[in-house]
Amino acid sequence: MQKIRAAITAVNTYVPDYILTNKELETIVDTTEEWIMTRVGIRERHILKGEGLGTSDMAAPAVRGLLEKRGITPDEVDLLICATVTPDMLFPATANIISDKVGIKNAFSFDLNAACSGFIYALITASKYIESGLYKKVVVVGADKMSSITDFTDRATCVIFGDAAGAVLLEPATDGNGIIDAILKTDGCGRIHLHQKAGGSCKPPTHATIDAREHYIYQEGQPVFKAAVQNMADTAVEIMKRNDLNNQNIAWLIPHQANMRIIDATAKRMELPKEKVTINIDRYGNTTNATIPLCMHEWEKQFKKGDNIILAAFGGGFTWGTIYLKWAY
Ligand code: UT7
């Protein structure tokens, strides 16, 4: 019998209504549409508005729609993993809250935090449960309300991020499709360049941490940019080599959407033409854990069964990696 692989069998997303344009940002901080477009490649991003609404309020509709799309009931889900850096609360896990909101009662669920690489880390974690043969239906969510940790007085970060949620269903496949290979990496030294200073156990919230604006994203753009370009491409090229992949037999690259220039550099190192790269950063910005499922959902109709697809991500931590999968439907 063929090896059991974990295959993505459905994908769905939720994007909040409110659109924050570069023009509006020009009225908030000292920036220009031209700078944002040329340095990052973002035209607009979506923001979740409404008091008391959090990451689970985007993730729950994404998961509900996912199950409907696949024609299964919440009771059939065995496991739900939520990749996020903006949990509803520090605990319990947002995965538990999503499960409760969707009516998933027969599953266990947990959060996974690997910053912008969280979705691919979660996908590989979930795939192992499927490959074990013990779990048949696993939901992987990538969701972030980045606006909840964005400092709208800091022009270097507030133009970059957006809010969204995406979810995929993983099921066993024995026809050769599904997740084939992955390279996942971490380098904790990178934490100095991208983090949230306060709110954790080292620096619990105080009036002083709030006054110092330490509950927002802190990013030193250039070192993160350099590490992203180098590492995302290195792992993508390595996975290509060890699976005999090239610019002919790869159908699609689905990269994390952090900066148009990082995406271009990765595609160039892989020698892939732009037509094979999914890019929607212009309309959503960097939605952290939601970028890859947002692309998957948008390009879903163009994917064909058996297509060789590479996922690549880089994020805070530092964390990064690549997945090679064969599209299953
Ligand atoms: O998703 C997880 C990982 N994150 C990433 O991968 C992000 C990686 N980094 C980047 O994408 C880029 O470094 C940024 C988009 C964050 C910044 O772009 P950059 O080309 O590296 O700009 P910079 O930080 O070197 O700043 C260049 C100039 C500075 O002005 P001076 O010092 O040259 O006068 C900044 O103050 O651009 C200025 N600047 C801005 N100007 C207009 C920074 N932000 C803005 C802005 N509008 N929004």
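The model shown is predicted, which means the values in this text are computed figures rather than measured ones.

1. Describing the pattern of salt bridges
No. 1: According to the stated counting rule, one finds 18 salt bridges in the structure shown.
No. 2: For arginine 155, the salt bridge identified is with aspartate 30, shortest N-O distance 3.6 Å. One end of the pair, arginine 155, is in helix α6 (residues 155–158); the other, aspartate 30, is in the loop between α1 (22–26) and α2 (33–39), with 125 residues separating them in the sequence.
No. 3: Note on aspartate 30: relative accessible area 61%, which makes it exposed.

2. Side note on the domain arrangement of the protein
No. 1: Domain annotation for the protein reports domain 1 (5–176) and domain 2 (180–326).
No. 2: A straight line from the C-alpha centre of domain 1 to that of domain 2 covers 14 Å.
No. 3: On the domain 2 side, the residues contacting the 50 residues of domain 1 number 46 residues.
No. 4: Of the roughly 3800 Å² buried between domain 1 and domain 2 on both sides combined, carbon and sulfur atoms contribute 61%.
No. 5: If you look at where domain 1 meets domain 2, you find 3 salt bridges.
No. 6: A salt bridge links aspartate 175 to lysine 305; the nearest nitrogen and oxygen atoms lie 3.7 Å apart.
No. 7: Seen at the junction of domain 1 and domain 2, the total is 22 residue pairs in polar contact (both at pLDDT 80 or more).
No. 8: Of all the secondary-structure elements, those providing two or more residues to the side of domain 1 that touches domain 2 are β1 (5–14), α2, β3 (44–47), α5 (118–131), β6 (138–145) and β7 (163–173).
No. 9: Each residue belonging to the side of domain 1 that touches domain 2 can be placed in one class, and the counts come to 25 nonpolar, 15 polar and 10 charged.

3. Details of the side chain of serine 147
No. 1: Mapped onto the elements of the fold, serine 147 is located in the loop between β6 and α6.
No. 2: A distance of 2.7 Å separates a polar atom in the side chain of serine 147 from a polar atom in the side chain of aspartate 163.
No. 3: Not counting chain neighbours up to four residues away, the residues in contact with serine 147 comprise Ile47, Leu48, Phe152 and Asp163.

4. Observations regarding the site of the ligand
No. 1: Taken together, 24 residues form the shell around the ligand, and within it Thr31, Arg39, Gln222, Asn259 and Asn286 come nearest.
No. 2: One nitrogen or oxygen atom from the side chain of tryptophan 35 is found 3.3 Å from an oxygen atom belonging to the ligand.
No. 3: A distance of 3.1 Å separates an oxygen atom of the ligand from a polar atom in the backbone of glycine 221.
No. 4: When the free accessible area of the ligand is taken as 950 Å², the share hidden by the protein chains comes to 74%.

Cut-offs and rules
- Residues numbered from 1 in each chain as written.
- Predicted model: local features only at pLDDT ≥ 70, side-chain atom pairs only at ≥ 80, totals over all residues.
- Heavy atoms only, no water.
- Salt bridge = Lys/Arg side-chain N within 4 Å of Asp/Glu carboxyl O.
- Helix = DSSP H or I, 4+ residues; strand = E, 2+ residues; numbered from the N terminus.
- Buried < 20%, exposed > 50% of the residue type's maximum accessible area, 1.4 Å probe, protein only.
- Domains from an automatic or database assignment.
- Contact = heavy atoms within 4.5 Å.
- Buried area = accessible area lost by both parts, 1.4 Å probe.
- Polar contact = N/O pair within 3.5 Å; in protein donor to acceptor, adjacent residues only side chain to side chain.
- Nonpolar A, V, L, I, M, F, W, Y, C, P; charged D, E, K, R; others polar.
- Near = heavy atom within 4 Å.
- Areas by Shrake-Rupley, 256 points an atom, 1.4 Å probe, with all protein chains shown as cover.

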